[in-house]
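Structural overview for review
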Amino acid sequence: MKGKELIGNLEQTFSQLYGGKADGIFFAPGRVNLIGEHTDYNGGHVFPCALTIGSYAAARKREDRMIRFASMNIRSEVTEISLDDPALHLDGSGTREDLALGANDWTNYPKGVIWAFAKAGDRLPSGFDVLYYGNIPAGSGLSSSASLEVLTGLMLRELFAFPKVSGVDLAIRGQQAENIYVGMNCGIMDQFASAMGKEANAIFLDTNTLEYTYAPLLLKDAKIVVTNSKVKHQLASSDYNTRRSECEKALSILQAAEKSGKEIPSLGSLTPEEFEARKSAIDDPVLLRRAMHAVCENARTIEAVDALKSGDIHRFGELMNASHDSLQYDYEVSCPEIDVLVEEGRKISGVIGTRITGGGFGGCTVSIVRTDAVEPFCERLGKIYKEKYGLDAEFYVVDAGEGAHRIS
Ligand code: GLA
């Protein structure tokens, strides 16, 4: 479903479920990260752009304290909870363990955002009815969860008039919801891209300071192609959390060994040369490879943005390739299916750069492909992949879209 048809369907289903009309329709996009992977929780840089697909919500304030959630993706069943239900922990109580309201319950995402609003002092005066619909393939690594969180935050801000809540706040609150309510220790990148995206631009974000600039995606005669391996990144959150703690261990070893008095607040604060001079302090070869990735990926991201700005798309592509190799061998967050997509993709003429994107362990690759090579790329790679794994990869030629916004 797309455009007007999608909104019409959402409005109609809202009336069937709840009666009457919604107060507003809202949208928040998914994202694709071009380069800067697993750098956001290491104080480094990222370079994602928002997509034009994402999550939609039709919502209406209620007079009482009831909240009703439904999603068109899940047979439009209504889940109810009162704002006063202790499970929402709006008094700020509860540990991470008892906050999770039930594993695999998608309503944990919006509930987490309500909790994050309350934590920031923005308590809801009443309940609401909401109906969601998302068109990001689930488990594809294109941030369907971040889009749901940012969307919920935007909807709360608009329905209940919290004008001081900025786009960056929406990203931070979405990340808090995911960290605490879902137990995925993600960084800020996905929520930031969803909240702050800009049409035709990628966002160069310093995750240490949250300073950001927009960079126009001037790809000349090339396109961004996202390839969905259809390998869902299930269980990714536990492996993801392990990578994060490995980086934290490596950092604390470097901090403890530092003799010069230099502060090392994060792996992202080190240049590759500074890391090289210190890395002998890390004995464990696995921790060493994890840290190496975090440091070098940050440097690659900074260089890649410069290359793009100066029109050197080929250098940008080389850095994307180097990013994948590091994610495959040093950070070990790829999987055989994705590696085949990358390896075979690189052999196709007109492919400027290709790599895994997002958290990893499945999901999608992102490639920069010369416009005239897009068709052969999709055809040839799709065929090779089908022969090898029996899976139908999906290809999306994507445009950078606008961040979260109210539709009506
Ligand atoms: C997931 C997380 C992000 C980021 C990426 C890897 O998408 O949600 O915060 O860490 O993985 O770059």
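Values in this document were obtained by computation on a predicted structure and should not be read as measured data.

**Observations regarding the site of the ligand**
For the ligand, the full set of nearby residues is Arg 31, Glu 37, His 38, Asp 40, Tyr 41, Cys 186, Gly 187, Met 189, Asp 190, Tyr 240, Gly 358 and Gly 359. Here Asp 190 contributes a side-chain N or O atom positioned 2.6 Å from an oxygen atom of the ligand. Gly 359 places a polar main-chain atom, nitrogen or oxygen, 3.3 Å from an oxygen atom of the ligand. Residues of the shell around the ligand, tallied by class, amount to 4 nonpolar, 4 polar and 4 charged. Summarising the domain contributions, the shell around the ligand has at least three residues from each of domain 1 (3-216) and domain 2 (222-398).

**Structural notes on the packing of aromatic side chains**
According to the stated counting rule, one finds 15 aromatic pairs in the structure shown. Seen in terms of ring centroids, Tyr 41 and Tyr 240 are 5.3 Å apart; in terms of plane orientation they differ by 65°. Their pairing is edge-to-face. Residue Tyr 41 is found in the loop between strand S1 (24-35) and strand S2 (45-61), and its partner Tyr 240 is found in helix H7 (residues 236-257); the two are separated by 199 residues along the sequence. Under the relative-accessibility criterion, Tyr 41 is labelled buried at 10%. By relative accessible area, which is 6% here, Tyr 240 ends up buried. Consider the rings of Phe 192 and Tyr 212, whose centres lie 5.3 Å apart with planes at 70°: the pair is edge-to-face. Taken together, the positions of Phe 192 in helix H6 (residues 189-196) and Tyr 212 in strand S7 (residues 211-216) put the pair 20 residues apart, joining distant regions of the chain. The structure contains a cluster of three or more aromatic residues connected by ring pairs, namely Phe 69, Trp 106, Phe 128, Tyr 132 and Phe 160. Here the guanidinium or amino end of Arg 173 rests over the ring plane of Phe 117, the centre of that ring lying 4.5 Å away.

**Digging into the domain arrangement of the protein**
Each domain of the protein was delimited in the assignment, giving domain 1 (3-216) and domain 2 (222-398). Centre-to-centre separation of domain 1 and domain 2, based on C-alpha positions: 26 Å. Contact between domain 1 and domain 2 buries roughly 2900 Å² in total, counting both sides, with carbon and sulfur atoms accounting for 65%. The interface formed by domain 1 and domain 2 holds 1 salt bridge in total. Here Arg 355 ties to Glu 37 by a salt bridge, and the two come within 2.6 Å at their closest N and O atoms. At the junction of domain 1 and domain 2, the tally comes to 20 residue pairs in polar contact (both at pLDDT 80 or more). Going through the elements one at a time, S1 and S2 are the ones with two or more residues in the side of domain 1 that touches domain 2. Broken down by element, the side of domain 1 that touches domain 2 gets its largest block of residues, 5 residues, from S1. For the side of domain 1 that touches domain 2, the per-class residue count stands at 14 nonpolar, 14 polar and 3 charged.

Basis of the calculations
- Residues numbered from 1 in each chain as written.
- Predicted model: local features only at pLDDT ≥ 70, side-chain atom pairs only at ≥ 80, totals over all residues.
- Heavy atoms only, no water.
- Near = heavy atom within 4 Å.
- Polar contact = N/O pair within 3.5 Å; in protein donor to acceptor, adjacent residues only side chain to side chain.
- Nonpolar A, V, L, I, M, F, W, Y, C, P; charged D, E, K, R; others polar.
- Domains from an automatic or database assignment.
- Phe/Tyr/Trp six-rings, centres within 6.5 Å; stacked < 30°, edge-to-face > 60°.
- Helix = DSSP H or I, 4+ residues; strand = E, 2+ residues; numbered from the N terminus.
- Buried < 20%, exposed > 50% of the residue type's maximum accessible area, 1.4 Å probe, protein only.
- Lys NZ or Arg CZ within 6 Å of the ring centre and 35° of its normal.
- Buried area = accessible area lost by both parts, 1.4 Å probe.
- Salt bridge = Lys/Arg side-chain N within 4 Å of Asp/Glu carboxyl O.

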